[in-house]
Amino acid sequence: MSAPAFINTAFLLRKIRDLRSLTPRRTRVKTKWATSLPRYPATNMALQYFDATYSLQLGRLWPSVRCSLLSERKYGALLNNFSDHQAVASDLQEQGCWDFVSPAQLEAPLSPIRPEIEGGPEDVAERSELKGSHGSNQDNSPLSLSSNIRCFVFPRADITRFKSARPDQTRLLGYYLMDAASVLPCLALDVQEGHSVLDLCAAPGGKTLALLQTEAIRFLSVNDSSVARTSRLKNVLHSFVPKHLLSTDRLRVTSFDGTQWSEFERNTYDRVLVDVPCTTDRHSATEEDNNIFSKIRTGERKRLPQLQTDLLLAGIKAACPGGEVVYSTCTLSLLQNQYVVQQALHLARQEGIHLQVVSLQPLVRRLGGTFHFAPDLLLGEMVVPHLTANFGPLYMCRLRRLC
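Residue numbers here run from 1 along each chain, matching the order of that chain's written sequence. Reporting of local features is limited, given that this is a predicted model, to residues whose pLDDT is at least 70; pairs of side-chain atoms are given and counted only at 80 or more, and all residues count toward the totals for whole chains, interfaces and linings. Only hydrogens and water are removed before side-chain values are computed, so all heavy atoms of the structure are retained for them.

(A) View of the overall build of the protein chain. Helix and strand definitions follow DSSP, with helices as H or I runs of at least four residues and strands as E runs of at least two, each counted in order from the N terminus. Scanning the protein chain from N- to C-terminus turns up 15 helices and 14 strands. The cut-offs for exposure are 20% and 50% of the maximum accessible area for each residue type, with area from a 1.4 Å probe on protein chains only; residues under the lower value are buried, those over the upper are exposed, and the others partly exposed. For the protein chain, buried positions account for 49% of its 403 residues. We call two residues in contact whenever any of their non-hydrogen atoms come within 4.5 Å of each other. A separation threshold of at least 6 residues defines the contact pool for the protein chain, and within that pool the share at least 24 residues apart is 77%. Carbon and sulfur atoms make up 53% of the accessible area of the protein chain, which amounts to about 20,500 Å² in all. With residues, only the protein chains shown are counted as cover, and all accessible areas are computed by Shrake-Rupley using a 1.4 Å probe.

(B) Seen up close, helix α13 (residues 304-318). A helix is expected to reach a length of 1.5 Å times the quantity of its residues less one. In a regular helix each residue adds 1.5 Å, so 15 residues correspond to 21 Å; α13 covers 21 Å between its end C-alpha atoms and thus fits that length. Most of α13 sits out of view: twelve of its 15 residues are buried. Of the residues making up α13, those classed as buried are Leu-304, Pro-305, Gln-308, Thr-309, Leu-311, Leu-312, Leu-313, Ala-314, Gly-315, Ile-316, Lys-317 and Ala-318.

(C) A look at the sheet that holds strand β5 (residues 175-178). Strands sit in the order β2-β4-β1-β5 across an open sheet of four strands; the sheet is antiparallel. If you trace the sheet from one side to the other, it starts and ends with β2 (98-99) and β5, each paired once. DSSP calls a pair of strands paired once it identifies at least 2 bridges connecting them. Both strand β1 (residues 76-79) and β5 contribute to a ladder of four bridges, which runs antiparallel. Among the inter-strand pairings, Gly-76 is bridged to a residue of β5, identified as Met-178. Along the sheet, helix α5 (residues 85-94) contacts β1, β4 (151-153) and β5; its crossing angle with β1, the most-contacted strand, is approximately 160 degrees. Each axis is a line fitted through C-alpha atoms, and for a helix only the stretch in contact is used; angles between axes span 0 to 180 degrees, taken between their N-to-C directions.

(D) Local environment of the environment of Glu-287. Take Glu-287: it is sitting in the loop between α11 (281-286) and α12 (298-302). C-alpha of Glu-287 to C-alpha of Pro-41: the two residues are 246 residues apart in sequence and 9.6 Å apart in space.

(E) Main features of the packing of α13 against helix α14 (residues 338-350). Viewed as axis vectors pointing N to C, α13 and α14 meet at an angle of 50 degrees, and their least axial separation amounts to 9 Å. Considering the angle they form, α13 stands oblique to α14. The element α13 and its partner α14 pack so that their crossing is right-handed. Across the interface between the two elements, Pro-305, Gln-308, Thr-309, Leu-312, Leu-313 and Ile-316 from α13 touch Val-340, Val-341, Gln-343, Ala-344, Leu-347 and Ala-348 from α14. Classifying every residue of the contact of α13 with α14 by side-chain character gives nine nonpolar, three polar and no charged. Orientation labels follow simple angle bins: below 35 degrees gives roughly parallel, above 145 gives roughly antiparallel, 65 to 115 gives roughly perpendicular, and whatever is left gives oblique. Take the far helix as your reference; a near helix turned counterclockwise from it by less than a right angle gives a left-handed crossing, and one turned clockwise gives a right-handed crossing. When residues are sorted by character, Ala, Val, Leu, Ile, Met, Phe, Trp, Tyr, Cys and Pro go into the nonpolar class, Asp, Glu, Lys and Arg into the charged class, and all the rest, Gly among them, into the polar class.

Given below as structure tokens:
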């Protein structure tokens, strides 16, 4: 084929691909890209921020974590004990799933991920000193997991998707699909028979549903500051929990400002879950919709650490002496994780509230076959996304109020 003929053919192909060439000129509409697409997508802004921050925090591990964040996440199926759960569990097992909470079905532990500490000797020495100061006040007592919380996952490196749950004869759904790592804060909370529990930032409702599966809670207070998110939470509860349980005085759903919770309830709850708003790293890296890295939400994003500290401090004040608080996020950020816990511990101490960090190492050792945990954190534990176990990210820290 001669060069002019090739050029003409390519030109015609481009014209055919462009449907505007087949549209009458009088009906053509110029694309207004400035109003339809952001000039700087929020996902790009998020990835630039993550590259600059997490490459220093995670070192050589960051490229692998980055790839996992941009890949399809793995889900877990939280079994609903209020439905025909035995039939549902049998069906999930036939599909190749297994319950990672059950001790009888634990897999062999994965090799631990050990990100290298970046920085010079002074940085390493400073972190070691801080870790030592908190480590002397840590409780390493064993952790008992609720046998009623059951969450099924597909084996490692198996990216099979779960089917949508179907209602049973009582019109209740058999399982709730969520990031399996999100169940861990509920397990870490270690709810016992007769406890009163506060879920301070409950929406969209997966963790609240997991807490209800324990069937041990005397009173559960569920709150979220957003009215719209609280409405979504109620819809989740109506789809999974029998009506007679929703109408009892053992469950309360509110939509208050969590930072002001201590103004009307203090020293009340045996267990408090504080799953705070955060940068939601996986969502921010992959979704434009409702992305906190969008330009119009810059101020909100900058205020996150202060909001998280206020919420955690409110949760600490709501716990009774001897009670426990679990703080959790779905971000890798040190600023939103360990630094928030440190600041809350400092502020609580100024108000005469003394806390003890409870070690979550028993949980890490038990579930090491399902999740990849980042070791040697200053405070708490963190699930790191990995291509063979693409859960998280999720950070959690368990605190016990001494007085």
